[in-house]
Amino acid sequence: MATITELLLQLAAESATSADARLRRLLYEGNALYHQGLEETRSDLTDRSRELTTSQLCLASEKAGFPGAATREEALSLLALATWQQTPGAMSFEELAERGARRGVCLLAEEY
């Protein structure tokens, strides 16, 4: 079974030669995988940070470039985002989304 990162890398590669309708489907699929990867990162981070205080997590979040966390949950969410954004899977989805944007393809229907 392929990992989330492998699947996102495959979607990004496929998007290079896809027609617009297929690119939109790749974006939908990639978006779901992106959020799944973010949630897995958050879950892992939550498990690994059990010994840290809320203050320590808020400080770590601020140092990661995401200031403003006031609660443990906010800090964990922001730290997970900072961590996930640096992974090849998240970077692949960003490439996929940018490719779509350059071609005028996005997740929202045109009527919005």
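The rules behind the values
- Residues numbered from 1 in each chain as written.
- Predicted model: local features only at pLDDT ≥ 70, side-chain atom pairs only at ≥ 80, totals over all residues.
- Heavy atoms only, no water.
- Helix = DSSP H or I, 4+ residues; strand = E, 2+ residues; numbered from the N terminus.
- Contact = heavy atoms within 4.5 Å.
- Phe/Tyr/Trp six-rings, centres within 6.5 Å; stacked < 30°, edge-to-face > 60°.
- Buried < 20%, exposed > 50% of the residue type's maximum accessible area, 1.4 Å probe, protein only.
- Salt bridge = Lys/Arg side-chain N within 4 Å of Asp/Glu carboxyl O.
- Expected span 1.5 Å × (residues − 1).
- Arc of directions from axis to C-beta.

### Quick word on the side chain of Ser-49
Next, step 1: Within the secondary structure, Ser-49 is located in the loop between helix H2 (20-48) and helix H3 (54-63).
Next, step 2: Those residues within four positions of Ser-49 in sequence are excluded, and the remaining contacts are Leu-57, Arg-72 and Leu-76.

### Considering the packing of aromatic side chains
Next, step 1: Inspection of the entire model under this criterion finds two aromatic pairs.
Next, step 2: Residues Tyr-34 and Trp-84 carry aromatic rings whose centres are separated by 5.8 Å and whose planes lie at 70 degrees to one another, so their mutual orientation is edge-to-face. Of this pair, Tyr-34 sits in helix H2 while Trp-84 is found in helix H4 (residues 72-84), placing the two residues 50 residues apart along the sequence.
Next, step 3: For Tyr-34, a relative accessible area of 14% gives the class buried.
Next, step 4: Taking relative accessible area as the criterion, Trp-84 reaches 5% and is therefore assigned buried.
Next, step 5: A centroid spacing of 5.3 Å and a plane angle of 40 degrees characterise the contact between Tyr-34 and Phe-93, whose relative ring orientation is tilted. With Tyr-34 in helix H2 and Phe-93 in helix H5 (residues 88-102), this residue pair connects regions lying 59 residues apart in the sequence. Both residues of the pair, Tyr-34 and Phe-93, count as buried.
Next, step 6: Joined through ring pairs, the aromatic side chains of Tyr-34, Trp-84 and Phe-93 make up one cluster.

### Here's the deal with the environment of Ala-70
Next, step 1: Residue placement: Ala-70 occurs in the loop between H3 and H4.
Next, step 2: For Ala-70, a relative accessible area of 61% corresponds to the exposed category.
Next, step 3: Placed 13 residues apart in sequence, Ala-70 and Leu-57 show a C-alpha to C-alpha distance of 9.7 Å.

### Focus: the pattern of salt bridges
Next, step 1: What the rule picks out here adds up to six salt bridges.
Next, step 2: For Glu-14, the salt bridge is made with Arg-22, and the minimal N-O distance between the two is 2.7 Å.
Next, step 3: The partly exposed category is assigned to Glu-14, whose relative accessible area is 32%.
Next, step 4: Residue Glu-95 is joined to Arg-99 by a salt bridge in which the shortest nitrogen-to-oxygen separation is 3.3 Å. Here Arg-99 and Glu-95 lie together in helix H5, a separation of four residues that amounts to about one turn.
Next, step 5: We classify Glu-95 as partly exposed; its relative accessible area is 37%.

### Some remarks on helix H1 (residues 4-15)
Residues three or four positions apart in an α-helix share a direction because the helix packs 3.6 residues into each turn.
Next, step 1: Compared with the 16 Å implied by 1.5 Å per residue over 12 residues, the 16 Å span of H1 between its first and last C-alpha is a close match.
Next, step 2: Looking at H1, one finds that the buried residues are Ile-4, Leu-8, Leu-11, Ala-12 and Ser-15. Taken around the axis of H1, the buried residues stretch over an arc of 100 degrees, which confines them to a single face.
Next, step 3: Those residues of H1 hidden inside the fold are in contact with H2, H4 and H5.

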